[in-house]
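Secondary and tertiary structure notes
This is what each chain is made of:
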Amino acid sequence: MNTTMTDRMTAWALAREDITTANRRDPACPGPLVVALSYQGVHAMWYHRVANRWWRNGHRSWARLLSQLARRRTGIEIHPGAQIGRRVFIDHGMGLVIGETAVVGNDVLLFHGVTLGGTTMSHGKRHPTVGDRVVVGAGAKILGPVYIGCDARIGANAVVVKDVPNGATAVGIPAVIREHPNYMEAHTAASSVDDGDAHVRIEENEQREPAMYYI
Ligand SMILES: CC(C)(COP(=O)(O)OP(=O)(O)OC[C@H]1O[C@@H](n2cnc3c(N)ncnc32)[C@H](O)[C@@H]1OP(=O)(O)O)[C@@H](O)C(=O)NCCC(=O)NCCS
């Protein structure tokens, strides 16, 4: 889904959008030139776009090699098969891992040390799906094929192993919900951006039980 969206834009337009996003999302940002030259999180997204294209075109070994080169240069490991939306910003980078079957929505903010990982060796969907405008705090681990609802916030160092409803805040180990989930009333840092071309949507009849709310 994100792939068709990104395919419609030129690489240059996407790169400019990434730089603008970093400029907007990072209050300490000194300007677009510094972002383009030195922001590892932005560079990791650029590497991933190429690696993901190679992966989808069947050049899987080359895609893996490129993603490992990106890991060496940025400290960020994104599997080339992962689906990443637009305007995703990885702040500080370093130590971030995104697994093969992970899906990350648009306008997501990820801090350093985040893992979107699996809990099983079996093939198939085994990594999280992260909705649009989610913020994942530094060091948080989201494990297994769980769904993180749009506009949710995951606290720093949380370990999330169950679904998180739209607009909820999850903290702790194992993560529990701190606020009643209400998508419309979510006032997160991430929700201050456009939600125009949201691409990770759960249809009404696909809504899942917000299991974590009952912990
Ligand atoms: C989870 C988070 C989004 C909540 O922010 P918030 O809505 O402003 O929440 P508050 O700070 O008012 O805290 C609400 C409660 O959650 C607790 N809490 C907040 N963050 C927590 C965390 N990461 N882990 C455990 N508990 C946390 C607070 O202690 C407070 O508990 P209390 O009600 O018992 O007093 C925020 O604390 C967070 O972790 N953001 C990540 C930021 C980050 O990683 N920055 C890195 C910059 S380099």
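So, a few notes on the structure that sits alongside this text. (Residues numbered from 1 in each chain as written. Predicted model: local features only at pLDDT ≥ 70, side-chain atom pairs only at ≥ 80, totals over all residues.)

**Considerations on the overall build of the protein chain**
- Across its full length, the protein chain holds five helices and 15 strands.
- By residue count, 44% of the 215 residues in the protein chain fall in the buried class.
- For the protein chain, long-range pairs separated by at least 24 residues make up 42% of all intrachain contacts whose partners lie at least 6 apart in sequence. (Helix = DSSP H or I, 4+ residues; strand = E, 2+ residues; numbered from the N terminus. Buried ≥ 20, exposed ≤ 12 C-beta atoms within 10 Å, placed from the backbone. Contact = placed C-beta atoms within 7 Å.)

**Some details on the sheet that holds strand β8 (residues 129-130)**
- Sheet architecture is open: four strands sit in the order β2-β5-β8-β11, paired in parallel fashion. At either end of the open sheet lies a strand with only one pairing partner, and these are β2 (83-84) and β11 (147-148).
- Sheet analysis places β2 next to strand β5 (residues 103-104), joined by two bridges and oriented parallel. Bridge pairing in β5 links Gln83 to Val103. (Pairing = 2+ DSSP bridges.)

**Focus on helix α4 (residues 40-56)**
- Its 17 residues place the ends of α4 24 Å apart at the C-alpha level, agreeing with the 24 Å of an ideal helix rising 1.5 Å per residue.
- Buried within α4 are the following residues: Gly41, Val42, His43, Ala44, Met45, His48, Ala51, Asn52 and Trp55.
- In this structure, the buried side of α4 is in contact with α2 (11-25), α3 (32-38), α5 (60-74), β1 (76-78), β2 and β3 (89-91).
- Just beyond α4, the residue with positive phi is Gly58, at close to 90°. (Expected span 1.5 Å × (residues − 1).)

**Overview of the site of the ligand**
- The environment of the ligand is formed by His92, Phe111, Gly137, Ala138, Arg153, Gly155, Ala156, Asn157, Thr169, Val171, Gly172 and Arg178.
- Across the shell around the ligand, the residue classes break down as four nonpolar, six polar and two charged. (Near = placed C-beta within 6 Å. Nonpolar A, V, L, I, M, F, W, Y, C, P; charged D, E, K, R; others polar.)

**Topic: unusual backbone geometry**
- A cis amide bond links Ile173 to the next residue, Pro174, at an omega of -15°.
- Here Pro174 lies in the loop between β14 (169-171) and β15 (176-177).
- Non-glycine residue His92 carries a positive phi angle of around 70°.
- Tracing the backbone through its elements, the reader meets His92 in the loop between β3 and β4 (96-98).
- For His92, a count of 17 C-beta atoms within 10 Å corresponds to the partly exposed category.
- With a phi close to 60°, Asp107 is a non-glycine residue in the positive phi region.
- Here Asp107 shows up in the loop between β5 and β6 (109-111).

**Structural notes on the nonpolar core**
- Val136, Ile142, Ile148, Ile154, Val160 and Ala170 are the most contacted members of the largest nonpolar core, which totals 49 residues.
- Residue contributions to this core peak at five residues, all from α4.
- If near-sequence neighbours (up to four positions away) are discounted, Val160 is found in contact with Ala140, Lys141, Ile142, Leu143, Val146, Ile154, Ala170 and Ala175. (Core = buried A, V, L, I, M, F, W, Y, C linked by C-beta atoms within 7 Å.)

**Quick look at the sheet that holds strand β13 (residues 159-160)**
- One open sheet accounts for five strands, arranged β1-β4-β7-β10-β13; its pairing is parallel. Each edge of the open sheet carries a strand with a single partner, namely β1 and β13.
- Where β1 meets β4, three bridges bridge the pair, whose relative direction is parallel. From the neighbouring strand, Glu77 faces β4, where its bridge partner is Val97.

**Comments concerning the environment of Gly93**
- Mapped onto the fold, Gly93 is located in the loop between β3 and β4.
- According to the C-beta neighbour criterion, Gly93 is buried, with 20 such atoms within 10 Å.
- Sequence separation of Gly93 and Ala44 is 49 residues, and the distance between their C-alpha atoms is 8.4 Å.
- Dropping the residues within four chain positions of it, Gly93 is found in contact with Gln40, Gly41, Ala44, Thr74, Gly75, Ile76 and His112.

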